[in-house]
Amino acid sequence: MGKKVVVKLHSLLSKMDISMRELSRRSGVRLAALIELANHQRQNINFKHIEQIAEALGIDDIREIVEITNIDE
């Protein structure tokens with residue numbers, strides 16, 4: 001069994017009631033990059049983007065944005 005890092009943008013934005021476009025505007029992260037992160041289409045996570053997202057949303061705990069899950073190999 002392996003591990004996978006998951007970016008929880010969809011649930012986070014739903015909980016905070018803001019759109020992906022609004023997050024892009026607030027954070028300065030390109031909308032396309034946010035969509036790829038949210039849809040788990042990126043192989044590498046840019047931690048600068050995570051920092052910008054956290055700052056834009058007033059988040060102090062990275063676990064609100066990312067989590068590590070088990071995957072079947």
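Undergrad: A description of the pattern of salt bridges should follow, citing residues and the corresponding values.
TA: If you walk through the whole model with that rule in mind, you get five salt bridges. Note that Arg42 and Glu36 form a salt bridge whose closest N and O atoms lie 2.7 Å from each other. Judged by relative accessible area, which is 29%, Glu36 ranks as partly exposed. Connected via shared salt-bridge partners are Glu22, Arg25 and Arg26.

Undergrad: I'd like to hear about helix H1 (residues 9-16), residue by residue, with values.
TA: One turn of an α-helix holds 3.6 residues; hence residues three or four places apart share an orientation. What H1 keeps buried is the set Leu9, Leu12 and Leu13. Projected down its long axis, H1 carries its buried residues within an arc of 95°, all on one side. Residues of H1 that are exposed and point more than 90 degrees away from the buried face comprise Ser14 and Lys15. For H1, the secondary structure elements touched by its buried residues are strand S1 (2-7), helix H2 (20-27), helix H3 (31-38) and helix H4 (47-57). Asp17 sits one or two positions beyond H1 and adopts a positive phi of about 55°.

Undergrad: Would you mind going over the packing of H2 against H4 in detail, with residue names and values included?
TA: Contact geometry of H2 with H4 gives a least axis separation of 9 Å together with a crossing angle of 100°. By the criterion of interaxial angle, the relationship of H2 to H4 is roughly perpendicular. On the side of H2, the interface is formed by Leu23, Arg26 and Ser27, while H4 contributes Gln52, Ile53, Ala56 and Leu57. Looking at the contact of H2 with H4 residue by residue, the class counts come to four nonpolar, two polar and one charged.

The rules behind these values
- Along each chain, residue indices are assigned from 1 in the same order as the chain's sequence is written.
- Selection of residues for local features in this predicted model requires a pLDDT of at least 70, selection of side-chain atom pairs for listing and counting requires 80 or more, and totals for whole chains, interfaces and linings are taken over all residues.
- Values reported for side chains reflect all heavy atoms of the structure, with hydrogen atoms and water molecules removed beforehand.
- What makes a salt bridge here is a side-chain nitrogen of Lys or Arg within 4 Å of a carboxyl oxygen of Asp or Glu, nothing more.
- Only protein chains enter the accessibility calculation, which uses a 1.4 Å probe. A residue is then buried if its area is under 20% of the maximum for its type, exposed if over 50%, and partly exposed in between.
- Numbered from the N terminus, helices here are DSSP runs of H or I no shorter than four residues, and strands are runs of E no shorter than two.
- The directions from the helix axis to the C-beta atoms form the arc being described.
- By the convention used here, residues are in contact when the closest approach between their heavy atoms is within 4.5 Å.
- Every angle, taken between N-to-C directions, lies between 0 and 180 degrees, and every axis is a line fitted to C-alpha atoms, over only the stretch in contact when it is a helix.
- Roughly parallel covers angles under 35 degrees, roughly antiparallel covers those over 145, roughly perpendicular covers 65 to 115, and oblique covers all other angles.
- Three classes are used, and their members are as follows: Ala, Val, Leu, Ile, Met, Phe, Trp, Tyr, Cys and Pro are nonpolar, Asp, Glu, Lys and Arg are charged, and the others, Gly among them, are polar.

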